[in-house]
Amino acid sequence: MCGIALIVSGIRIDTSSLPFDSTTATPTRKSEKLLFSLDDLKEALRRRGPDSFGAKKVLLQLLGQNGVSSFTVEEDGDAADGAIETAKLHFFGATLQLRGINPLVQPLTDASGNVLVYNGEIFGGLHLASDCNDAEFLLQTLGECCSCGSCATDRCVECGKSSIAGVLSAIKGPWAIIYWQDSSRTLWFGRDAFGRRSLLVHWPTVDDSTFLLSSVSPVSPVQQASEYEDHNGIGCLSYWEELPCGIYSVHVDASKTSGYLVGEVKIHEYTNSMLNELIKWERISVEPSSEDLHTFCHKLSLGQHAKHQPSSEAVPNKTGSIQPAIPMPAHILLNALKESVLRRTSMYTVYQAVISGIRQEKFFPVAILFSGGLDSMILAALLDKCMDPSYEIDLLNVSFDGQLAPDRKSAKAGLNELRRVAPSRKWRLVEIDADLSDLVFETSHVMSLINPANTYMDLNIGIALWLAAGGDGWVSDANTYDNDGNHVRIKYKSNAKILLVGSGADEQCAGYGRHRTSYRRGSWLGLHEEMRLDMQRIWRRNLGRDDRCIADNGKEARFPFLDEDVIRLLLNIPLWEVANLDQPSGIGDKRILREVAELLGLYEAAVLPKRAIQFGSRIARESNRKNFGSNRAANQASAGSVTIHRKSNFC
């Protein structure tokens, strides 16, 4: 993982050809100032990548009729003797190194003058050795690509080389990238099709011509709001935007009329046909026929009958043989999810253990953001099957109401169920207790992390995720069934660098209340459209924010439910076999995941209703009392969607 950033100055950037809303990406748009220093930016990036930090500059010189020359120098370097700097591309990279056996420092450069900062993991699509680092591999691969910049396919039809868009489209896994291809004087940047890694953009405006890309905002705009802005309910919340998912390029050239360096932002289609199908999110079978429903209901009745029989076929067995109690799609999904978890954990090298000096038996590679709910229980059970049995697994649980929060209760119940299905594994429930009234500085800090998100719901979720990812809490002194609750708690901080997160499960399997509402109003087609909307906006509403809050602790979030193969499989399953919203909550919603849980022996987790982290941890209740006086007043004001404007709201 890496915190990446780029500051471009001295180039007139044209954004007029971008296909999305041009009101947010035009040089005639005015935006409020967001004041931060270079040191602020570096510090924000370093928190994401604590292993190493680096910076490099590409200096561009206008050569009149002869075009543009470039020089790559260290951060404090200058242009070559006699050269006059016309423009500058300032790259930054802060690395949390999880793969590869040799330490590296980003930005990476090669002999051809190409520069790369990369925040991502290659889990498939491109072949790299298990001991290879993703960024090093990608720098070499991109260095062999065509430099014409106009290839619309995987390979250039003229030279036969791979295209940059083709290489990036082939990656399976999360990524955000900034890459300077020196031979073509072209800047490439973008993020994966689902936005699993944050990349913010500040498009040039009439009052601020600087073009910036960054994994994170150094400061919160609310913190810098003036009294005038407070009174008028405006601020500089529009300074940063979530970069829409895609692959972008800017070819830098000399203007024929003005004598300036200019560059037009272009967006390139993903060249991977399967990926484009996933982006469209079209399901093969949405509306069932009467025969489909009859067949499916017959399967369900057989399954319910089998589950109540004293036969061994009704429970998971050690050989993993197929059980007739549960329809076949659940078995297929279980295998796909297991492969997804395996991809996200087996490629974790010993690099972290080596550099941290921790003995292997005391090193905890992977933790889970753990509520004890359906999604996190499935991830925990699958992780047990994928990870060496000698490792303990940290289950990170946050509460703003001590032992009384719903998520704390379900986490303890889930821990006991995990110990039942995986008795040889050492599970460690990390209880992270928080009091919102004590988190003045922390709340202000999280405001900068969620930016450009700016509602109380975003802040509540952000604080809960940030604290949970920090892993600083308490553990019981016993690793046995905790039935009496009288065990002594010991202070503990998880050192796991990889966190498995259940994001994407609700969007794909109809886990939200709005899905039930859409089903009632528009039946199956209405449900499908609502789920598709959720998946197509998850980059904007959830994943960028969540990545910034989790990564700020020097941890990397990985999302097994958002694996490309898992998404494709779920789209190939008829919607009525994914969810049946005619049934009550805890049964029909996310039905297929409940069947997966049963296959894993998680019978108690299989019937748990959906509960969002802001409610399960009870931070929403505490936030409502603090900012609106009471839960009732907050509900009347629709507190979750209220925009935060004033410092007094959160300090």
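Here, the structure is the one placed above.
The structure contained in this document is the topic of the report that follows. What you see is a predicted model; the values in this text were computed from it and never measured.

**Quick look at the pairing of strand β11 (residues 211–214)**
On a regular strand, one side chain projects to one face of the sheet and the next to the other, so that they alternate.
Then, number 1: Of the two faces of β11, the one holding Phe211 and Leu213 and the one holding Leu212 and Ser214 are both buried throughout.
Then, number 2: In this structure, strand β1 (residues 2–9) lies alongside β11, joined through 4 bridges in antiparallel fashion. Bridge assignment links Val8 to a residue of β11, and that residue is Phe211.
Then, number 3: As defined by bridge partners, strand β10 (residues 200–202) adjoins β11 across 3 bridges and the pair is classed as antiparallel. Within the sheet, the bridge partner assigned to Val201 lies in β11 and is Leu213.

**Considering the environment of Phe71**
Then, number 1: Note that Phe71 resides in strand β4 (residues 68–74).
Then, number 2: Overall, Phe71 belongs to the partly exposed group, its relative accessible area being 24%.
Then, number 3: Taking the C-alpha atoms as reference, Phe71 lies 9.7 Å from Lys88; in sequence the two are 17 residues apart.

**Digging into the sheet that holds β11**
Then, number 1: Ordered in space as β4-β3-β5-β1-β11-β10-β12, the 7 strands form an open sheet in which the pairing is antiparallel. Two strands in the sheet have a free side with no partner beyond their single neighbour: β4 and β12 (241–242).
Then, number 2: Pairing between β10 and β12: 2 bridges, direction antiparallel. Looking across to β12, one finds that Leu200 is bridged to Glu242.
Then, number 3: Strands β1, β3 (52–62), β5 (87–95) and β11 of the sheet are contacted by helix α1 (residues 38–48), whose axis makes an angle of about 155 degrees with β1.

**A closer look at the sheet that holds strand β13 (residues 246–254)**
Then, number 1: With respect to topology, 7 strands assemble into an open sheet ordered β2-β14-β13-β9-β8-β7-β6, the strand pairing being mixed. Each having just a single partner strand, β2 (11–14) and β6 (108–109) make up the two edges of the open sheet.
Then, number 2: For β6 and strand β7 (residues 115–120), the ladder comprises 2 bridges, and the chain directions are antiparallel. Looking across to β7, one finds that Leu108 is bridged to Leu116.

**Structural notes on the pairing of β13**
Then, number 1: With respect to burial, β13 is a largely interior element, 7 of its 9 residues being buried.
Then, number 2: Pairing between strand β9 (residues 186–191) and β13: 6 bridges, direction antiparallel. Bridge pairing in β13 places Leu187 opposite Val250.
Then, number 3: The loop that links β13 with its antiparallel partner strand β14 (residues 261–268) comprises 6 residues; one of these, Gly259, has a positive phi angle of about 75 degrees.

**Concerning helix α15 (residues 538–551)**
Then, number 1: By the criterion of burial, α15 is predominantly enclosed, with 12 of the 14 residues buried.
Then, number 2: Looking at α15, one finds that the buried residues are Ile538, Trp539, Asn542, Leu543, Gly544, Arg545, Asp546, Asp547, Arg548, Cys549, Ile550 and Ala551.

**Description of unusual backbone geometry**
Then, number 1: In this structure, the amide linkage connecting Gln106 to the following residue, Pro107, adopts the cis form with an omega of 5 degrees.
Then, number 2: As for its position among the elements, Pro107 is in the loop between β5 and β6.
Then, number 3: A cis geometry characterises the amide bond from Asn451 onward to Pro452, with omega recorded as 20 degrees.
Then, number 4: At Ala510, a position not held by glycine, the phi torsion is positive, near 60 degrees.

**Some points on helix α16 (residues 564–572)**
Then, number 1: Within the span of α16, buried status applies to Glu564, Val566, Ile567, Leu569, Leu570 and Leu571.
Then, number 2: Buried residues along α16 sit against α5 (273–280), α7 (328–346), α13 (505–509), α14 (513–536), α17 (575–578) and α18 (591–599).
Then, number 3: Two or three places before Asp565, at the start of α16, stands the capping residue Asp563, its side-chain oxygen 2.8 Å from that residue's backbone nitrogen.

**A word on the side chain of Ser518**
Then, number 1: Tracing the sequence through the fold places Ser518 in helix α14.
Then, number 2: Here the side chain of Ser518 touches Glu530 through a polar contact of 3.3 Å, side chain to side chain.
Then, number 3: Sequence-distant contacts of Ser518, defined by excluding residues within four places in its chain, comprise Ser523, Gly526, Leu527 and Glu530.

**Notes on the nonpolar core**
In globular proteins that are soluble, nonpolar side chains generally tend to be buried together.
Then, number 1: Among the nonpolar cores identified, the biggest contains 100 residues, and Tyr118, Leu138, Leu142, Ile177, Phe400, Ile463 and Leu467 are the most heavily contacted of them.
Then, number 2: The contact partners of Tyr118, leaving out residues within four places of it in the chain, are Cys2, Ile4, Gln106, Asp134, Ala135, Leu138, Ile171, Pro174, Trp175, Ala176 and Ile177.
Then, number 3: Residues Met1, Leu382, Leu415 and Leu500 belong to the second largest nonpolar core, which totals 52 residues.

**With respect to the packing of α7 against helix α9 (residues 374–386)**
Then, number 1: For the pair α7 and α9, interaxial distance at closest approach is 9 Å and the crossing angle is 65 degrees. Of the possible angle classes, the one that applies to α7 and α9 is roughly perpendicular. Note on packing geometry: the crossing formed by α7 with α9 is right-handed. Counted together, Leu334, Leu337, Lys338, Val341, Leu342 and Thr345 of α7 and Ile378, Leu379, Leu382, Leu383, Lys385 and Cys386 of α9 form the full contact between these two elements.
Then, number 2: Residue classes in the contact of α7 with α9 are distributed as 9 nonpolar, 1 polar and 2 charged.

**A closer look at the packing of aromatic side chains**
Then, number 1: Per the counting criterion, the structure on display carries 8 aromatic pairs.
Then, number 2: Arranged with centres 5.4 Å apart and planes meeting at 70 degrees, the rings of Tyr456 and Phe628 form a pair that is edge-to-face. Within this pair, whereas Tyr456 is found in helix α12 (residues 456–470), its partner Phe628 is found in helix α20 (residues 619–628), the two being separated by 172 residues in sequence.
Then, number 3: On the basis of relative accessibility, which here comes to 23%, the residue Phe628 falls in the partly exposed class.
Then, number 4: One aromatic cluster is present, built from ring pairs that chain together Phe189, Trp203, Phe211 and Tyr248.
Then, number 5: Note that Arg46 overlies the ring of Phe53, its terminal NZ or CZ placed 4.3 Å from the centroid.

About the criteria used
Residues numbered from 1 in each chain as written. Predicted model: local features only at pLDDT ≥ 70, side-chain atom pairs only at ≥ 80, totals over all residues. Heavy atoms only, no water. Buried < 20%, exposed > 50% of the residue type's maximum accessible area, 1.4 Å probe, protein only. Helix = DSSP H or I, 4+ residues; strand = E, 2+ residues; numbered from the N terminus. Pairing = 2+ DSSP bridges. Contact = heavy atoms within 4.5 Å. Axes fitted to C-alpha atoms, helices over the stretch in contact; angles between N-to-C directions. Polar contact = N/O pair within 3.5 Å; in protein donor to acceptor, adjacent residues only side chain to side chain. Core = buried A, V, L, I, M, F, W, Y, C linked by side-chain atoms within 4.5 Å. Parallel < 35°, antiparallel > 145°, perpendicular 65-115°, else oblique. Left-handed = near helix turned anticlockwise from the far one by under 90°. Nonpolar A, V, L, I, M, F, W, Y, C, P; charged D, E, K, R; others polar. Phe/Tyr/Trp six-rings, centres within 6.5 Å; stacked < 30°, edge-to-face > 60°. Lys NZ or Arg CZ within 6 Å of the ring centre and 35° of its normal.

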